[in-house]
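Okay, here's what each chain looks like letter by letter:
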Amino acid sequence: MSDWSFPNKGYMESADKMYYQTMNKRDVEERLEKDDIVIIPVGSTENHGNSGPIGEDTFIVSRIAEMVAKKTGCTVAEPVWYGSHPFHHIGQPCTIPLPDDIFIAQLRAIITGFWNTGFRKQIFISMHGQEYSLPVALQEWGKKYQVPAMLYFVDLPRVMGQTLMDKEHGGPYNRPFQHACEAEQSISLALFPELCNMEDAEDTDVHGILPAGHVDRGGDIYGNPIPGHCVVGNAGIECVTAPQGVLGHATEADPEKAKASINKVCDYLVKLHDDILTACPPGVLPPASYMSQRDPEEIEKLLKGPTHGGKHIYTLAWPT
């Protein structure tokens, strides 16, 4: 395990040019020669109670992406601030859900723009419960454009695994991971304590309709038969059953409990980054013949791009 240091300052407006949006055209060209991977944090804007910021999911993935980029030299995209939400989130004040079709179309458009620029190796990371929609965006993009690319979605709770579980299952927490709970608040305190207010932390106890063992909890880390977002009606809508925006005991949060999860996920993302570049160094992709049955000449023009004797990807289709 690497020795990660946190909390750190945020880098979104830093002159370090870690973020794509702070770079200029020459910066991008030079970065692509060294590292053509971009990490795209996908978050949400939702109620996290009185102790956590409304953008908590976004800050978590952005701070983690920054730590990985600082170690590897890859690029981070400014995060996607608004996300997809399951049925039981709808109506909760402070939560701003996007319809799934709009969210998925937005992600496809982001993939296309980065691909056209030269970032054809993309890692999407999320800590928010939208693991049912992000893969759809990647798959739809692949079916639509059928060009060489390396696109990955990493659902961070899946990587954190046991380090995110309760004590009964070998983890550090008193209760199972859910939302704005002891575990999520601990991660937030470890990464951005300046945005947290533990003096106003709240506790709630929310239960499903069926007994435990059928439907998984947050992050689908327990391996129950039914993933947490593959149901409607197993719990009440949260604006009624948990108007606080907290599902669990946020008062029990402690940043020390979260260190193992953060270390583990950062270690994994570095490994993923390094393995991608080992398999396909900057400027190299899997053979087009493996990835597509489009005309090879057309693919070659698309890979060259619009300013190097080829053509842009939007000649295939405008994102819809």
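Everything in this summary refers to the structure shown in the same document. Quantities reported herein were computed from a predicted structural model and do not represent experimental measurements.

Here's the deal with the sheet that holds strand 1 (residues 37–42)
- If you walk across this open sheet you meet the 4 strands as 2-1-3-4, and the pairing is parallel. Pairing within the sheet leaves two strands with one partner each, and these edge strands are strand 2 (75–76) and strand 4 (150–155).
- Of the pairings in the sheet, the one linking strand 3 (residues 121–126) to strand 4 comprises 6 bridges and is parallel in character. The partner of Ser-126 across the bridge, within strand 4, is Asp-155.
- On the sheet, helix 2 (residues 56–72) packs against strand 1, strand 2 and strand 3 and is oriented at approximately 165° with respect to strand 1.
- Strands in contact with helix 4 (residues 134–145) are strand 1, strand 3 and strand 4; relative to strand 4, the strand with the most contacts, it is inclined by about 170°.

Section: the pairing of strand 3
- Among the 6 residues that make up strand 3, 6 are buried, leaving the element largely enclosed by the rest of the structure.
- Where strand 1 lies against strand 3, 6 bridges are found, and the strand directions are parallel. From the neighbouring strand, Ile-40 faces strand 3, where its bridge partner is Phe-124.

Details of the packing of helix 6 (residues 182–191) against helix 8 (residues 255–279)
- At a minimum axis separation of 7 Å, helix 6 and helix 8 run at an interaxial angle of 85°. As far as their axial angle goes, helix 8 and helix 6 are roughly perpendicular. Side by side, helix 6 and helix 8 meet where Glu-182, Ser-186, Ile-187, Leu-189, Ala-190 and Leu-191 of the first sit next to Pro-255, Lys-257, Ala-258 and Ile-262 of the second.

A look at the packing of helix 2 against helix 8
- Running from N to C, helix 2 and helix 8 cross one another at 50°; their axes reach a closest spacing of 10 Å. Classified by the angle their axes make, helix 2 and helix 8 are oblique. Our pair here, helix 2 against helix 8, has a crossing hand that is right-handed. In contact with Ile-64, Met-67, Val-68, Lys-71 and Thr-72 of helix 2, helix 8 contributes Ile-262, Val-265, Cys-266, Leu-269, Val-270, His-273 and Asp-274.
- In terms of residue class, the contact of helix 2 with helix 8 is built from 8 nonpolar, 2 polar and 2 charged.

About the cut-offs
- Residues numbered from 1 in each chain as written.
- Predicted model: local features only at pLDDT ≥ 70, side-chain atom pairs only at ≥ 80, totals over all residues.
- Heavy atoms only, no water.
- Pairing = 2+ DSSP bridges.
- Helix = DSSP H or I, 4+ residues; strand = E, 2+ residues; numbered from the N terminus.
- Contact = heavy atoms within 4.5 Å.
- Axes fitted to C-alpha atoms, helices over the stretch in contact; angles between N-to-C directions.
- Buried < 20%, exposed > 50% of the residue type's maximum accessible area, 1.4 Å probe, protein only.
- Parallel < 35°, antiparallel > 145°, perpendicular 65-115°, else oblique.
- Left-handed = near helix turned anticlockwise from the far one by under 90°.
- Nonpolar A, V, L, I, M, F, W, Y, C, P; charged D, E, K, R; others polar.

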